[in-house]
Amino acid sequence: MDVRKIVVVVEDLEIARTALQWALHNLLRFGDLITLLHVFSSPSNSKTRKKKTRLLRLKGFQLALSFKDLCNNSFFNTNIEIIVREGDQEGGTIAALVREMGAFALVVGLHDQSFLYKLAMAHNNVGNILNCKVVAIKQPGAIQEIRTRATPVVVGSSTNMDFSLIEIASLEVPDIPAPKVAYKICPDPYAVIWRWRKSRRKSGS
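Bear in mind the structure is a predicted one, so any value in this text is a computation, not a measurement.

Cut-offs applied
- The residue numbering used here restarts from 1 in each chain and proceeds along that chain's sequence as written.
- Reporting in this predicted model follows two pLDDT cut-offs: at least 70 for local features of residues, and 80 or more for side-chain atom pairs to be given and counted; totals over whole chains, interfaces and linings ignore these cut-offs and use all residues.
- Values shown for side chains rest on all heavy atoms present in the structure; no hydrogens or waters enter the calculation.
- Definition used in this section: a nonpolar core is a set of buried Ala, Val, Leu, Ile, Met, Phe, Trp, Tyr and Cys residues joined via side-chain atoms within 4.5 Å.
- Relative accessible area decides the class of each residue, using a 1.4 Å probe on protein chains only: under 20% of the type maximum gives buried, over 50% gives exposed, and in between gives partly exposed.
- Runs of H or I in DSSP of at least four residues are treated as helices and runs of E of at least two as strands, each being numbered from the N terminus.
- The contact criterion used throughout is that any non-hydrogen atoms of two residues lie within 4.5 Å.
- Per-residue confidence from the predictor is given as pLDDT, running between 0 and 100.
- We define a salt bridge as a side-chain nitrogen of Lys or Arg found within 4 Å of a carboxyl oxygen belonging to Asp or Glu.

Examining the nonpolar core
So, point 1. Counting 24 residues, the largest nonpolar core has I94, L106, F115, L116 and L130 as its most contacted members.
So, point 2. Those elements giving two or more residues to this core turn out to be β1 (5–9), β2 (33–40), α3 (92–101), β4 (105–109), α4 (115–122), α5 (126–130) and β5 (133–138).
So, point 3. When neighbours within four sequence positions are excluded, L106 is seen to be in contact with V7, V9, I94, V98, F115, L130, C132, K133, V134 and V135.

Describing the confidence of the model for the protein chain
So, point 1. Per-chain confidence: the protein chain averages 77 in pLDDT, with 69% of residues scoring 70 or above.
So, point 2. When pLDDT is averaged over each element of the protein chain, β1 comes out on top at 97 and helix α6 (residues 143–150) at the bottom at 37.
So, point 3. Across residues 142–161, confidence stays below pLDDT 50; counting only partners more than four residues off in sequence or on other chains, it has 27 contacts.
So, point 4. Ignoring residues within four places in sequence, the model shows residues 170–174, a span with pLDDT below 50, making zero contacts including any to other chains.

A short note on the pattern of salt bridges
So, point 1. Within this structure, the stated rule accounts for four salt bridges.
So, point 2. With its nearest N and O atoms 2.9 Å apart, the salt bridge here joins R17 to D12.
So, point 3. Overall, the relative accessible area of 52% leaves D12 in the exposed class.
So, point 4. With a shortest N-O distance of 3.6 Å, D32 and R29 are connected by a salt bridge.

Examining α3
So, point 1. Within the span of α3, buried status applies to T93, I94, A95, L97, V98 and M101.
So, point 2. Once α3 finishes, G102 follows within two positions and takes phi at roughly 65 degrees, a positive value.

Focus on unusual backbone geometry
So, point 1. Its identity as a non-glycine residue notwithstanding, N131 has a phi of 60 degrees, on the positive side.
So, point 2. Locating N131 in the fold gives a position in the loop between α5 and β5.

In structure tokens:
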């Protein structure tokens, strides 16, 4: 069986953690490799650039390690690697790394500032740019906003942004009252009184 590489974008957002959990429970199979990818932007001030870059890289690793803990808590002995890189926030660095790794799938938590929007604005086909399956996980309530942003770019596409869109909704369990039992189905065996009757002897002829 070929090892599939599933890349999950690491961001300090709850939707990114939700996307990882979705990938673990719906996409991961035995032998797959989970790549936790975090890309941070470099500071513009050249005087403090080196120090700030080092701090941002360290923060990225710490964040990725917390994502790794989520993996280990869900599935023991999951194959995991961590990649933290400096790059742009428009998705160019992520796209280049995903293509270089030959990823099977890219899983992203979709939010207002997601790089997927910027890629869709710059390219007509996000899937071709990334060269893999792209799955965007979002919380309920933002589907109209996504379509409005994407429609001018990808006209006529069934998904509007040329990637699979998964909406995560909480499962509400209705409050069902306990059924009323009119009698005991299995009574206590010690409460059962057995009556023994002596057999009648037949009278002699």
